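Here is how the chains run, residue by residue.
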Amino acid sequence: MPSYECMSSTTRESTFEIFRRWGYLQASLDPLGQLLPPQPFPVPNPPQEDSPDTREARRIYSSSIGAEFMHIPSEERRSWIQQRLEGDPAAITTLPPARILSGLIRADVFEQVIQQRYLGTKRFSLEGLTVLIPFLDQLFTTAAERGVNRSLFAMSHRGRLNVMVNTVGRASREIFTKFEDVDPRSTLGGGDVKYHIGATGEFLTANGKTVHLHLASNPSHLEAADPVIMGRTRAYQERLAKDGTTADFLQARGQVLPMILHGDAAFAGQGIWAESLNLASLHGYRIGGTIQVIVNNLLGFTALPSESNSSPFSSDLAKRLPIPIFHVNAEDPQAVVRVAALAAEYRQTFHSDVVVDLIGYRRHGHSEVDDPTITQPLRYARIQNHPPLFQIYAQKMEIDATAEAAEVQAHFLEEQKAATRASRKPQLFDIRHYWDPYYGGRLRPEDNPRTGLDAAEIPALSTRLTTVPEGFHIHPKVAKLLEQRRQMGSGKKPLDYGMAELLAYASLLKAGVPVRLSGQDSQRGTFNQRHAVLIDIETETRYSPLHHIAPHQARWSVYNSMLSEAACLGFEYGFSRDYPEALVLWEAQFGDFANGAQIIIDQFLAAAEAKWGLLSGLVLLLPHGYEGQGPEHSSARPERYLQLAAQDNFQIAQPSTAAQFFHLLRRQALRKWRKPLIVFTPKSMLRHPDALSPVADLTLDAFQNVLPETAITNPRRILISSGKIGHNLRVERAKRKLTDVAIVFLEQLYPFPEAELQAALDQHPSAGEVVWVQEEPANMGALSFVMPHLRRMAGSRAVLSVKRTAAASPATGSAKAHALEEKTLLNLALGA
């Protein structure tokens, strides 16, 4: 028969086990006591309420902290959390009460001064969650003790200005100057609102260590900045891990801490966040864990949690991964800083994401011009008389905060007065030194590097690209491809796009330019064209010749991404932001799949320079071409990029030959002009004879924005086209033996190469017609962008266009219908 002590121990353990798993359901989390009521434990025999074990377990797991960690498969990690929660709270070093109180005072008084001086102006106040300031204080203090010296983080509007001043360390007068909106002429046609702009600074921890902080600029599209900050973190870490060893990467991940501050409704509702969360453990995207903080108002604009979440907590999405979730009542500052210390220590120990659900309330409406009493009258009746947190905490700790609050208020008021005398907008963030050689704005004429290679270099690079280790069992089809590529490199065969692309990368790596390529199936290539990674058919060992080009080459990275566009493109944009000397490329499986990342394209690639002065040289490879494959596998939607093109924000090109693709990629890397490059890449034309290039073309000086007609001398008509349709026209012209139709390829669509195109037109004064020809329907493609230019340039010549009829869908789903349409296009263009 078991002893009483044994039975008691067993009962105690079973009680604690229930609370470890389900205690968060009964935690006291809403500061106003209105939402998130306690839920019964889903167990057949709940613990006895009056037992000492239950009271102790409830104190630990169902008080101001609710922890979800029993879903984590790792016993080591579960035990780690359990020991820290059930151990002595004093064992977790936290901030002294006086420092916590000072942070609360600064946070609340800052908001009060803005409310007083700029009544009715949007600021997205932190009031109701001002404990975020001591939370961040503790987080960075603990992280710095464990090796962190830099943190990059993103956050939505709520509390952003407060964090800039009280955490990042920007002077409050800089923020007040934004409210004064001085010097409006400096931002005509650009700039952004104050609660979207980023900031940099240095944070001095409670232990005297410095953490460099960078709060990223981001748009109103909540959660869009999540993958961007992750990509930027990866770039920082790769810079630190110079040798690229596993030990180097682990050390780098321990030094750079990524963090994302979310809104509760956005965390539950935004799909890009679910995509970003899934990147955490993938090989090409690992960053050693991100601190995920939900700044939880229990309110999304006017929507209650029951209208935003299908489950009790907005954080429940995070349970798809084996990561801990800590819910904490925002009006228990001691509990909040304890959780901050736990989160930082866990991340540094296990290199894992951590979610902190910081639950408070929102004192004002969604923005300060909104009246929340219309939609939440009962909640705001409670909020109206609820004191600021610093007063609640000071009373609890028996500290008189009157003098300090008055001193802080006087300081902010003086800063506000100084802001009224300012004449220029302040710059809130510093640009990292590695951006010094690079520039935006207009292209400088002298920035015209030679992109061609010496003829002697090409065979040597080709040999490297087509050599595998001894004993490596290559697939017979791939072996045949490598033999063909050896012949291409030696000049025995013309180059196709796949080989030209790899030669571009190889030459750049040899010259010290890092290259990173990612996308769905990008190692092999959607159309079986790249084979940047070779696979042993007996062991499935992977080998990339591009890792073995030269003894001291730059880093080469190529990753098959998860099936996502928004998060993956956002990640690569972020990487390019902090690795400007690298050629960074993202490839869509098919061009129109990039539609899934439209917010990233609109808000970052197209507008970041105009809004925030931030540059990027990211390359988008978007397969495009009408080949009878249906609506979703034809058009990369060039019209959308051309509609966004203005103020030299983009480069948009469609290289029509393998050599042109080679030169375009090298130009992007070797120029100091950092602009996103949108490339419409071929599909069926990847190996088409008319698009192949002699190896000698790789020795030419540069990419040509326009390929003029050289075979026809006295045409009656000049056809101008871009991409596959131009090759179709040339093939059909040859079949018909026409000698009076010139065909000019417009290789770069934006910035529009007017001088080069004018020269190509002027070569043929006999032509009476200039005709734009495109595969796309009339309401798509480059038609509406190109025609105004052509009308201005054509002089007395007639300007016409040939295109498919305007349509709601990009392409027909019938291969036979496609063939009929294309035949009609060719007949109309060639004048049959």
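Conventions adopted
Residues numbered from 1 in each chain as written. Predicted model: local features only at pLDDT ≥ 70, side-chain atom pairs only at ≥ 80, totals over all residues. Heavy atoms only, no water. Core = buried A, V, L, I, M, F, W, Y, C linked by side-chain atoms within 4.5 Å. Buried < 20%, exposed > 50% of the residue type's maximum accessible area, 1.4 Å probe, protein only. Helix = DSSP H or I, 4+ residues; strand = E, 2+ residues; numbered from the N terminus. Contact = heavy atoms within 4.5 Å. Pairing = 2+ DSSP bridges. Axes fitted to C-alpha atoms, helices over the stretch in contact; angles between N-to-C directions. Parallel < 35°, antiparallel > 145°, perpendicular 65-115°, else oblique. Left-handed = near helix turned anticlockwise from the far one by under 90°. Nonpolar A, V, L, I, M, F, W, Y, C, P; charged D, E, K, R; others polar. Salt bridge = Lys/Arg side-chain N within 4 Å of Asp/Glu carboxyl O.

(A) Inspection of the nonpolar core at higher detail. Leu132, Leu139, Leu620, Leu622, Ile652, Ile720 and Trp772 are the most contacted members of the largest nonpolar core, which totals 179 residues. Per-element accounting of this core gives the leading share, 11 residues, to helix α13 (residues 333–350). Sequence-distant contacts of Ile652, defined by excluding residues within four places in its chain, comprise Tyr641, Leu642, Ala645, Ile678, Phe680, Glu747, Gln748, Leu749 and Tyr750. Ranked by size, the runner-up nonpolar core spans 47 residues in total, among them Ala500, Leu502, Ala532 and Leu664.

(B) Representation of the sheet that holds strand β21 (residues 769–777) in the model. Strand order in this open sheet of 5 strands is β17-β19-β18-β21-β22, and the pairing throughout is mixed. What marks the edges here is a single partner per strand, and that holds for β17 (706–707) and β22 (798–804). Bridge count between strand β18 (residues 717–721) and strand β19 (residues 741–746): 5 bridges; the pairing is parallel. Directly across from Ile720, in β19, lies its bridge partner Val744. Each of β18, β19 and β21 is contacted by helix α25 (residues 724–736), which is oriented at about 160 degrees to β19, the strand it contacts most.

(C) Looking closely at the environment of Pro305. Inspection of the secondary structure puts Pro305 in helix α12 (residues 305–308). A relative accessible area of 19% means that Pro305 is categorised as buried. Discounting chain neighbours no more than four positions away, the residues touching Pro305 are Leu35 and Leu298.

(D) How the structure looks around unusual backbone geometry. The residue after Tyr750, namely Pro751, is reached through a cis peptide bond having omega -10 degrees. Its place among the elements puts Pro751 in the loop between β20 (748–750) and α26 (754–762). In this structure, Leu36 is a non-glycine residue whose phi angle is positive, near 55 degrees. Along the polypeptide, Leu36 turns up in the loop between α1 (4–22) and α2 (52–61). Residue classification places Leu36 among the buried positions, given a relative accessible area of 18%. Of note in this structure, Asp648 is not a glycine but carries a positive phi near 55 degrees. Looking at where Asp648 falls in the secondary structure, it is placed in the loop between α23 (638–644) and β15 (651–653).

(E) A look at the packing of helix α3 (residues 75–86) against α13. The geometry of α3 relative to α13 is characterised by a closest axis approach of 12 Å and an angle of 155 degrees between their N-to-C directions. On the basis of their axis angle, the class for α3 and α13 is roughly antiparallel. Here the hand of the crossing between α3 and α13 comes out right-handed. Residues Glu76, Arg77, Trp80, Ile81, Arg84 and Leu85 of α3 pack against Arg338, Leu342, Glu345, Tyr346, Thr349 and Phe350 of α13. The residue inventory of the contact of α3 with α13, partitioned by class, reads 6 nonpolar, 1 polar and 5 charged.

(F) Spatial organisation of the pattern of salt bridges. A complete count under the given rule lists 42 salt bridges for this structure. When the shortest N-O distance is used, the salt bridge between Glu13 and Arg20 registers 2.7 Å. Arg730 serves as the salt-bridge partner of Asp690, at 3.2 Å between the closest nitrogen and oxygen. With Asp690 in the loop between β16 (677–681) and β17 and Arg730 in helix α25, this residue pair connects regions lying 40 residues apart in the sequence.

None of the figures reported here should be taken as evidence of function without further support.
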